[in-house]
Every structure is written in structure tokens, then in C-alpha cells.
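What follows is the residue order along each chain.
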Amino acid sequence: MEIDLTPKLAKQVYGGNGGSYHAWCPNELPMLRQGNIGAAKLALEKNGFALPHYCDSARVAYVLQGSGVAGIVLPEKEEKVVAIKKGDGIALPFGVVTWWYNKEDTELVVLFLGDTSKGHKAGEFTNFFLTGANGIFTGFSTEFVSRAWDLDENTVKTLVGKQTGKGIVKLDANAKLPEPKKEHRDGMAFNCEEAPLDVDIKNGGRVVLLNTKNLPLVGEVGCGADLVRLDGKAMCSPGFSCDSALQVTYIVRGSGRAQIVGPDGKRVLEITVKAGNLFIVPRFYVVSKIADPDGLAWFSIITTPNPIFTHLAGSIGTWKSLSPSVLEAAFNVPSDVEKQFRSKRANEAIFFPPPN
């Protein structure tokens, strides 16, 4: 049975005055379930506060817009209060408790991508809230909570029942939450827009990798990531992940055309992608993109901490490594055609500027 790879937009799951939480549904994007990948977005308005919670899956968070504060508590560790801004990548391993707050006028939007293979539902994140109308302690009897917290039952009823919001609330403008500490960013967040470029092709594109070298916690999450910015009308070389990883791509900005080719040379997807779209490239399938005139940027996770890609065009393409006689036999062409083929893109790798 063919899998629908068509890019999809997220749909709101819950929200209120403080903001909203959106997710991609495996029923609409079947590759999420098949690949055990979860994808969601948190959007907080000014003074929006995402209540403390933990997730059943390890995730990579990426700040798409705005700035704010994240509280992060790793298992058996002290709370880290981290200033976050557009371009930040954050690794969130299993068991981490987080809260998120926006005190600025600009909406804070955070993307979450991760592996759901150990979660409750394939292709979906399940969040467990510590407080609020759907907080886990609302399910325990007053007696159990009273014994656990060593408090009288009246105080327990106040603590458990006072917060009537679910998931996201709007705080009073005078609310005082912990101020972020500069040293808390170390090892917790990595800004992909300000980092040194791992690839920089003039009039082509740029890449910043998020891996265990610049953010060691990525190793605990099990997913690497990258931010790719393609210049107007430039092309990203056809390529595939050669370590059996899935590539999950969120279009951050701009638009362009994408093609994915699978077994037997069958083109399984040809579509225009735009900001907000999410699509998944199956294992070993080959993908390529061409940006529209305004350019194209995307953030991807790859389901391995330090992914390796094989490119099928350009100076580092696999073709350049094969012997001339092998190419002549494989393509069934004379040597002059092979030489012309080999000479092209001799000084261009991964990204190709638009034709003159």
C-alpha cells in the first residue's frame, strides 16, 4: 500500500487566551505513525505560560519565532532557567520537565520533533501536566496527595484545584517568574542562526548542524538536526540518508518545489512546499528541492544523533568516486559523454546556484 507523503499543516489541539498547542496527526500524515515520529508546535501570546509538564518522548525543540524563557529540569537535577530566542535548538531527553513563558509582545512559537517509538501512541506526543485542570494530581485522591506532600487535605484541595486552566494559561502582567541565567544556556541551547556555518555555498545555500559536538544532549535524544537556508532559485542536490534514518522536515520560511524518488525510480512526491508544511522522507528515498525566488529555509531532524548523507550530484557526489569505466558501463555511454558528465559541478557541492 502506498504511503501518502503530501506535506501537511498542524492543527490546534488545545488553547486559550495564553496561547495554543498544535500537532500533526498520524491519520493525515501516515509516515508519522510508520516512522514513529511526533511533531507539534507551541504558540504563546504575551504573558502566555505553558504549565510544567513532561512528555512520553524525547524531542528536539526549535524556536521558530519570538523570544521567551524556558524552565528545564533534567531528572534529579536542578532547574535550568534559559533565555530562548528565534533560531535556538534545544534537546529534551526522556523525563525532562519543562515550562515555557513569553513576556514579550511578539508571539513565541516553538517546534517540537522527536521519536515516539517508546511513547504511548506511535506518531504522537503525549504530555503529562503537573498542574492544572488536567494535571496528574487531579486523578489521585486527596488522601494520597496529602500523604505524598505531607499537607493537610484543605491545603491539598487548594493546590490541586486552584489552577483551572489546561496546559496553557495567561498570567497577570505583574507575574514574576524566575529570570534566566546566562550560564544555564551552556549545554542546553544552541542558536542555529548565529552559529558558524558547516556549509556555505555562494548563491547556493547554507547549513548549520545540530549534533553531539555542539549540543551533547542530542545524543540522549537520539536525533540530530539541521537548519538549511537555500537562496532564491538555488537547488539542493538530490541525496539520501545512508544510515537508515528518517528525515523529518519543517518549512521555516519561503517556498519551493520538492521531489522525492523511491524504489524502481518511481517519483512518489512532487509538490510545492511552503512555510508551515511538514513532510517526511522515508529511509533511503532520494529528495531534492529547488527554492522559489524568495528562497527556502527548513529545519529537519534525522533519526540518528550524527547523520550521514550521500549526495548524488556535485563535487562530493557519489558519481565522482566511481571509476570512469564503471560510469560508461552503467550509463551505457561513450567516454566523451562520461567525461562531460564528470566535469560538471566539479567545484559545487550540495547546493547549486540558479542557472545564468
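Higher on the page you've got the structure.
Starting afresh in each chain, residues are numbered from 1 along the sequence in its written order. Local features in a predicted model are, by the rule used here, given only for residues with pLDDT of at least 70; side-chain atom pairs are given and counted only at 80 or more, and totals for whole chains, interfaces and linings are based on all residues. Where side-chain values are given, they derive from all heavy atoms of the structure, hydrogens and water being excluded.

**Overview of empty space enclosed by the protein**
In this analysis a 1.4 Å probe is tested at points of a 1 Å grid over the protein atoms alone, and where it fits but cannot get out there is a cavity; an open set with protein on both sides within 12 Å along at least five of seven lines is a pocket; lining residues have an atom within 4 Å of a point. Grid points are joined across faces, edges and corners, and a volume is the space filled by probe spheres set on the points. Evaluation of the coordinates by the stated rule reveals two cavities of 30 Å³ or more. Within this model, the largest cavity holds a volume of roughly 60 Å³. Lining the largest cavity are Tyr-14, Tyr-21, Leu-42, Ala-50, His-53, Arg-59, Phe-112, Asn-127, Phe-129 and Gly-167. Elements with a contribution of two residues or more to the lining of the largest cavity: β4 (48-55) and β11 (127-129). Estimated volume of the second largest cavity: approximately 40 Å³. Gly-239, Phe-240, Ser-241, Ala-245, Gln-247, Val-281, Pro-282, Tyr-285, Val-287 and Phe-309 are the residues that line the second largest cavity. Residue composition of the lining of the second largest cavity, grouped by class: seven nonpolar, three polar and no charged. Strands here are runs of E lasting at least two residues and helices are runs of H or I lasting at least four, both read from the DSSP assignment and numbered beginning at the N terminus. Following the grouping adopted for this structure description, the nonpolar residues are Ala, Val, Leu, Ile, Met, Phe, Trp, Tyr, Cys and Pro, the charged ones are Asp, Glu, Lys and Arg, and the polar ones are all others, Gly among them.

**Observations concerning the pattern of salt bridges**
When a carboxyl oxygen of Asp or Glu lies within 4 Å of a side-chain nitrogen of Lys or Arg, that pair is called a salt bridge. Enumeration according to the criterion identifies ten salt bridges in this entry. The shortest N-O distance in the salt bridge between Lys-103 and Glu-179 comes to 3.6 Å. Of this pair, Lys-103 sits in the loop between β9 (97-102) and β10 (108-115) while Glu-179 sits in the loop between β12 (168-170) and β13 (189-191), and the two are 76 residues apart along the sequence. Overall, the relative accessible area of 38% leaves Lys-103 in the partly exposed class. Glu-338 is paired through a salt bridge with Arg-342; the nearest N and O atoms lie 2.8 Å apart. The cut-offs for exposure are 20% and 50% of the maximum accessible area for each residue type, with area from a 1.4 Å probe on protein chains only; residues under the lower value are buried, those over the upper are exposed, and the others partly exposed.

**Description of the pairing of strand β15 (residues 205-210)**
In this description, strands pair whenever DSSP reports at least two bridges between them. Here three bridges tie strand β14 (residues 199-201) to β15, and the two strands are oriented antiparallel to one another. Looking across to β15, one finds that Ile-201 is bridged to Gly-205. The turn linking β14 back onto β15 is made up of three residues, and Asn-203 within it adopts a positive phi angle of 60°.

**A look at the packing of aromatic side chains**
In this analysis, rings of Phe, Tyr and Trp, with Trp reduced to its six-membered ring, are considered paired at centre separations within 6.5 Å, and the interplanar angle assigns stacked below 30 degrees, edge-to-face beyond 60, and tilted for intermediate values. Counted according to the given criterion, the structure contains twelve aromatic pairs. Centroid distance Trp-100 to Phe-112: 5.6 Å. Interplanar angle 80°. Geometry classified as edge-to-face. With a gap of twelve residues between them, Trp-100 in strand β9 and Phe-112 in strand β10 connect regions that are remote in the sequence. Relative accessible area serves as the criterion here: at 0%, Trp-100 is assigned to the buried category. Taken together, Phe-137, Phe-140, Phe-144 and Trp-149 form an aromatic cluster joined through their ring pairs. Our definition puts a charge over a ring when NZ of Lys or CZ of Arg is within 6 Å of the ring centre and also within 35 degrees of the ring normal. The ring of Phe-125 carries the charged tip of Arg-59 above its face, separated from the ring centre by 5.9 Å. Over the ring of Trp-298 we find Lys-289, and its NZ or CZ is 4.1 Å from the ring centre.

**Describing the layout of surface pockets**
Counted as a void, the largest pocket has a volume near 490 Å³. Val-207, Leu-209, Asp-226, Phe-309 and His-311 are, among the 26 residues lining the largest pocket, the residues nearest its centre. Where the lining of the largest pocket is concerned, the elements lending two or more residues are β15, β16 (224-230), β17 (235-241), β21 (286-302) and β22 (309-311). When its residues are assigned to classes, the lining of the largest pocket shows 15 nonpolar, seven polar and four charged. The computed volume of the second largest pocket comes to approximately 310 Å³.

**Considerations on the nonpolar core**
Generally speaking, nonpolar side chains in soluble globular proteins are found buried as a group. To qualify as a nonpolar core, a set must consist of buried Ala, Val, Leu, Ile, Met, Phe, Trp, Tyr and Cys residues joined through side-chain atoms within 4.5 Å. Ranked by internal contacts, the top residues of the largest apolar core, which has 80 residues, are Trp-100, Leu-278, Phe-299 and Phe-351. In this structure Leu-278 touches Pro-7, Lys-8, Trp-24, Leu-29, Leu-32, Ala-39, Leu-113, Val-248, Thr-249 and Tyr-250, once residues within four positions along its chain are discounted. The next biggest cluster of nonpolar side chains, apart from the first, holds nine residues, and it includes Val-81, Trp-99, Val-169 and Leu-171. Between two residues, a contact is recorded if the distance between any of their heavy atoms is within 4.5 Å.

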